[in-house]
Each structure stands twice: as structure tokens, then as C-alpha cells.
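A structural walkthrough
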Amino acid sequence: MQQRVGLARALAIDPRVLLLDEPFAALDAQTRETMQAELLRIQNREKKTMVFVTHSIEEAVYLADRVIVFTRRPSRILETVDVRLPHPRWENPEEFRARPEFVQLRLHIAKLLRGAYDR
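Here is a short report on the structure shown in this document. (Residues numbered from 1 in each chain as written. Predicted model: local features only at pLDDT ≥ 70, side-chain atom pairs only at ≥ 80, totals over all residues. Heavy atoms only, no water.)

Glancing now at the overall build of the protein. Regarding its fold elements, the protein presents five helices and four strands. Start at the N end of the protein and walk to the C end: the helices and strands fall as α-β-α-β-α-β-β-α-α. Against the globule reference of 14 Å for 119 residues, the protein gives a C-alpha radius of gyration of 15 Å, in line with a compact fold. Along the first, second and third principal axes, the C-alpha atoms of the protein reach 45 × 35 × 25 Å. Computing the positive centroid from 20 side-chain charges and the negative centroid from 17, the protein places the two 5 Å apart. (Helix = DSSP H or I, 4+ residues; strand = E, 2+ residues; numbered from the N terminus. Rg over C-alpha atoms; globule rule 2.2 N^0.38 Å. Lys, Arg positive; Asp, Glu negative; His and termini not counted. Charge placed at Lys NZ, Arg CZ, Asp CG, Glu CD.)

As C-alpha cells, then:
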């Protein structure tokens, strides 16, 4: 409930850009998925630009239209990955995450990170 209140508070001032830094990190898996779907519904309704920081590759691919992958410190952009998957994504998240295109993007980003952190 605190996450929903925080999100509502942030949207109440009607920002042009919403910055979210690991907002669901402390949530259990089920609540996290519920909040991800809610965020997608809000983004669809409000048409806000959202910058979402996460360490979860799956969360990034599910929520984003673009994933920016960074290197280690000093952080630099390693690659920008366009997520050209259809919307709406919240209607059946389990099926959406099982799509071959979703899995390919997740694997691609994981390989990028593995390579960046192996150096």
C-alpha cells in the first residue's frame, strides 16, 4: 500500500517526467508483479515519461520501451536496447513474459551485462 501511496503522491503534482529508482525492490514477488502492471496502466492512461531504475532484467524488459544498459563504475552506457513489444502488457503478464521475443531480449541484456562485468 505504501508503494501505491508513493506513486499517487508523485503523480498528484502532475510531473512531465516521473523518476522511479528501484520502487519495487522491497516488495515480495506477487506484489511486485501487481505494482508493475499498475504502473503500466497508469503510464498508458497518463501518458507520462517514466525513467525507471532497476537491477531486474525481467522487470526492465516488461516495463520499458527502451532499456539502457550501463557498465560498471565509472558507469557508461554500454547499449540502448529498444523493446519493440506490443502494448498493453498488463493484461496477461505471464503469457507476455513467455513470448519468445521477451525471452530473447532478456537473454541479450543478460549477455551484455555478463560481458560488461567479466571485464
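Text resumes after the structure shown.
Okay, the pattern of salt bridges next. Evaluated as defined, the whole model comprises ten salt bridges. The residue Arg 45 makes a salt bridge to Glu 46 at a minimum N-O spacing of 3.1 Å. For Arg 45, a relative accessible area of 56% puts it in the exposed group. Through salt bridges with shared partners, one network takes in Glu 58, Arg 97 and Arg 106. (Salt bridge = Lys/Arg side-chain N within 4 Å of Asp/Glu carboxyl O. Buried < 20%, exposed > 50% of the residue type's maximum accessible area, 1.4 Å probe, protein only.)

Our next topic: the pairing of strand S1 (residues 17-21). Along any regular strand the residues' side chains alternate between the sheet's two faces. Burial along S1 is one-sided: the residues Leu 18 and Leu 20 are buried and none of Val 17, Leu 19 and Asp 21 is. Of the pairings in the sheet, the one linking S1 to strand S2 (residues 49-53) comprises five bridges and is parallel in character. Pairing of Val 17 across the sheet is with Thr 49, part of S2. For the crossover from S1 across helix H2 (residues 29-46) to S2, the handedness is right-handed. (Pairing = 2+ DSSP bridges. Right-handed = clockwise from strand over helix to strand, strands pointing away.)

Looking now at the nonpolar core. The biggest cluster of nonpolar side chains holds 26 residues, and the ones touching the most others in it are Leu 7, Val 61, Tyr 62, Val 67, Val 81 and Leu 85. Counting residues per element, the ones that place at least two in this core are helix H1 (2-12), S1, H2, helix H3 (57-63), strand S3 (66-70) and helix H5 (100-118). At five residues, H2 tops the list of elements feeding residues into this core. Setting aside residues up to four positions removed in sequence, Val 81 forms contacts with Asp 65, Arg 66, Val 67, Val 69, Leu 105, His 108, Ile 109 and Leu 112. (Core = buried A, V, L, I, M, F, W, Y, C linked by side-chain atoms within 4.5 Å. Contact = heavy atoms within 4.5 Å.)

It is worth spelling out the packing of H1 against H2 at this point. Orientation of H1 relative to H2, taken along the N-to-C sense of each, is 20 degrees, at an axis distance of 11 Å. Overall, the two elements H1 and H2 adopt an arrangement that is roughly parallel. As for how H1 packs across H2, the hand of that crossing is right-handed. Taken together, the residues of H2 that come into contact with H1 (itself represented by Gln 3, Arg 4, Leu 7 and Leu 11) are Thr 34, Met 35, Leu 39 and Ile 42. When the residues that make up the contact of H1 with H2 are grouped by side-chain class, the tally is five nonpolar, two polar and one charged. (Axes fitted to C-alpha atoms, helices over the stretch in contact; angles between N-to-C directions. Parallel < 35°, antiparallel > 145°, perpendicular 65-115°, else oblique. Left-handed = near helix turned anticlockwise from the far one by under 90°. Nonpolar A, V, L, I, M, F, W, Y, C, P; charged D, E, K, R; others polar.)

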